[in-house]
Amino acid sequence: MTSSGNVLTTEAQVKQQVRDFYDSVGWRSIGDGLYQNARYEDLRPVSREYIHRCHLRVSRYIPKSGKYLLDAGSGPIQYPEYLEYSKEFDYRVCLDISMLALKEARQRIGDHGLYVVGDIANLPFKSEVFKGLISLHTIHHLPSDEHKLAFFDLQRTLQPSGKAAIVYSWGIHSPLMKLLQIPISMAMRAIHARMRRKVGPERKPEVNQIENGDAHELISQPGTFTFKHDYRWIKSELIELTGLEIRVWRSVSTAFMRAFIHRKLFGKFWLRLIYAFEEIAPRYLGRIGQYPLILFQKPPSKSSRER
Ligand SMILES: C[S@@+](CC[C@H](N)C(=O)[O-])C[C@H]1O[C@@H](n2cnc3c(N)ncnc32)[C@H](O)[C@@H]1O
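Worth saying up front: this structure is predicted, and the values here are computed from it rather than measured. Here the residue index of a chain counts from 1 through its sequence in written order. Per-residue local features of the predicted model are confined to residues with pLDDT of at least 70, and side-chain atom pairs are confined, for both listing and counting, to 80 or more; whole-chain, interface and lining totals are unaffected and use all residues. Here the side-chain values reflect all heavy atoms present in the structure, with hydrogen atoms and water set aside.

Visitor: Quick rundown of the overall build of the protein? Include the residues and the values.
Guide: Looking only at helices and strands, the protein features 12 helices and 11 strands. Only C-alpha atoms enter the radius of gyration, while the globule expectation follows 2.2 Å times N to the 0.38, with N the number of residues. Scaling as 2.2 N^0.38, a compact globule of 307 residues should have a C-alpha radius of gyration of about 19 Å, and the protein matches this with 20 Å. Working definition: with a 1.4 Å probe on protein chains only, accessible area under 20% of the residue-type maximum means buried, over 50% means exposed, and in between means partly exposed. Taking all 307 residues of the protein together, the buried fraction comes to 49%. Every residue pair with non-hydrogen atoms within 4.5 Å of one another is taken to be in contact. For the protein, the proportion of contacts with a sequence separation of at least 24, taken over those separated by at least 6, is 77%. A run of H or I in DSSP becomes a helix once it reaches four residues, and a run of E becomes a strand once it reaches two; helices and strands are each numbered from the N terminus.

What follows is the structure in structure tokens.
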């Protein structure tokens with residue numbers, strides 16, 4: 001049993017809730033090729049370069065080519081950078097609990113994809129089939145006691161020497177974002193007050209400047225179940241994963257960017273500086289920042305070790 005809000009629910013109910021959310025809200029289109037899920041991202045032009053470079057980081061840690069790349073919790077492959085990861089693979093195996101996600105993914109990559117409805121904590125694949133795997137922003141949708149299971153099951157499906165890159169979030173446990181929580185709230189309050197003065201009290205501030213009315217209704221829907229472990233938990237519980245390494249994917253949250261990154265305040269410059277720090281101290285910022293990149297691999301086969 002797990003606790004979601006103040007209602008006790010079973011693991012199966014949590015997953016059902018998550019699936020229903022993505023099928024009926026998260027992967028619904030809000031126009032401009034975007035999904036409701038994009039409300040969690042900062043898509044403003046001022047942040048584009050930084051977000052783009054963070055997305056491309058994932059490519060550095062997975063094999064470039066091979067037969068199958070697993071994308072566990074693929075969603076609809078929503079950002080163009082995501083296509084890069086499997087560009088030179090024969091197939092991208094998209095696994096998701098949401099049917100809508102997979103239908104949308106098929107629209108994007110067609111025959112390059114193989115589409116499987118399934119659960120990331122109980123993968124319907126043989127062992128040692130994937131040369132590489134990614135799982136972006138997905139494990140946190142599992143009940144807390146299934147996170148470890150998911151990491152080890154993912155490793156099971158990797159071929160010898162295969163590599164995995166997982167984007168996770170420390171949620172409220174990120175020391176850096178915790179430190180900035182009060183300044184972020186103050187800045188957001190000031191921004192909202194300024195917007196209300198400009199556009200009137202009835203209009204909600206725009207998320208990613210999406211104007212159409214239906215989109216507003218979808219965007220304002222509440223999210224779904226998430227649970228995030230902290231750095232200490234990951235380090236101690238996943239210690240047996242070969243090659244476990246925690247680096248930074250992105251050190252600042254979307255809330256931080258919306259609060260402090262603005263074109264008129266040289267936002268692009270500050271993001272370039274943040275990116276440069278992330279490149280200099282990837283492990284430190286992976287530990288204290290918002291989103292870590294958790295890397296591991298499958299040990300090489302005995303025969304290749306003996307050679
Ligand atoms: C936040 S979205 C991320 C999608 C994509 N990886 C991305 O970065 O855009 C999470 C995805 O995980 C899927 N998901 C949630 N729980 C899952 C589970 N137990 N097994 C497989 N997929 C799951 C959801 O349906 C959704 O498509």
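Visitor: I'd love a proper account of the site of the ligand, names of residues and values included.
Guide: Lining the immediate environment of the ligand, one finds 20 residues, of which Gly73, Gln78, Tyr82, Asp96 and Leu136 sit closest. Here a polar contact is recorded for every N or O atom pair within 3.5 Å, except that within protein the pair must consist of a potential hydrogen donor and a potential acceptor, and residues adjacent in sequence are included only if both atoms are side-chain atoms. Side-chain polar atom of tryptophan 27 to an oxygen atom of the ligand: 2.9 Å apart, as the coordinates give it. Take aspartate 96: an N or O atom from its side chain is 2.5 Å from an oxygen atom of the ligand. Per-residue accessibility takes into account occlusion by the displayed protein chains alone, with areas from the Shrake-Rupley method and a 1.4 Å probe. Computed on the free molecule, the ligand has an accessible area of 590 Å², of which 97% lies beneath the protein chains in the complex. Here a residue counts as near a molecule or strand whenever at least one of its heavy atoms sits within 4 Å of it.

Visitor: Give a detailed account of a nonpolar patch on the surface, specifying residues and quantitative values.
Guide: A contiguous nonpolar patch, built from Phe266, Phe269, Trp270, Leu273, Phe277 and Ile280 and spanning about 680 Å² of accessible area, is present on the exposed surface. Following the sequence through the fold, tryptophan 270 ends up in helix H10 (residues 267-280). For tryptophan 270, a relative accessible area of 40% translates into the label partly exposed. Excluding any residue in a salt bridge, patches collect residues exceeding 30% relative accessible area, merging like charges within 9 Å and nonpolar Val, Leu, Ile, Met, Phe, Trp and Tyr side chains within 5 Å. Salt bridge, as used here, is a side-chain nitrogen of Lys or Arg placed within 4 Å of a carboxyl oxygen of Asp or Glu.

Visitor: Please set out the pattern of salt bridges residue by residue, giving values where relevant.
Guide: This structure, assessed with the given rule, holds 15 salt bridges. Between aspartate 42 and arginine 44 there is a salt bridge, with the nearest N and O atoms lying 2.8 Å from each other. A single burial state applies to aspartate 42 and to arginine 44, both of which are buried. The salt bridge involving arginine 156 is made with aspartate 153; its shortest N-O contact spans 2.6 Å. Here the residue arginine 156 and the residue aspartate 153 both occupy positions in helix H4 (residues 147-156), the gap between them amounting to three residues, near one helical turn.

Visitor: Quick one: what's the story with the environment of lysine 235, residue by residue and with numbers?
Guide: Mapped onto the elements of the fold, lysine 235 is located in helix H8 (residues 231-237). Residue classification places lysine 235 among the partly exposed positions, given a relative accessible area of 35%. Separated by 49 residues in the primary sequence, lysine 235 and tyrosine 284 have C-alpha atoms spaced 14 Å apart. Excluding anything up to four places from it in sequence, lysine 235 contacts Leu244 and Ile246.

Visitor: Give a detailed account of the packing of helix H2 (residues 45-57) against H10, specifying residues and quantitative values.
Guide: Contact geometry of H2 with H10 gives a least axis separation of 7 Å together with a crossing angle of 20°. Between H2 and H10, the angle is such that the two are roughly parallel. Handedness of the crossing formed by H2 with H10: right-handed. Only Gly267, Lys268, Leu271, Arg272, Ile274, Tyr275, Glu278 and Glu279 of H10 make contact with H2, whose side of the interface consists of Val46, Ser47, Glu49, Tyr50, Arg53, Cys54 and Arg57. Throughout, the ten residues Ala, Val, Leu, Ile, Met, Phe, Trp, Tyr, Cys and Pro are labelled nonpolar, Asp, Glu, Lys and Arg are labelled charged, and all others, Gly among them, are labelled polar. Its residues placed into classes, the contact of H2 with H10 shows six nonpolar, two polar and seven charged. Axes here refer to lines fitted to C-alpha atoms; in helices the fit is confined to the stretch in contact. Angles between the N-to-C directions go from 0 to 180 degrees. Working rule for angles: under 35 degrees goes down as roughly parallel, over 145 as roughly antiparallel, 65 to 115 as roughly perpendicular, anything else as oblique. Put simply, a crossing is left-handed when the front helix is turned counterclockwise from the back one by less than a right angle, and right-handed when it is turned clockwise.

Visitor: Account for the pairing of strand E11 (residues 291-297), naming residues and giving values.
Guide: When a strand is regular, its side chains alternate between the sheet's two faces. Of all the seven residues making up E11, six are buried; the element is thus mostly covered by neighbouring parts of the structure. For two strands to count as paired, DSSP must find a minimum of two bridges between them. One ladder, built from five bridges, connects strand E9 (residues 158-167) with E11; its direction is antiparallel. Within the sheet, the bridge partner assigned to valine 167 lies in E11 and is leucine 293.

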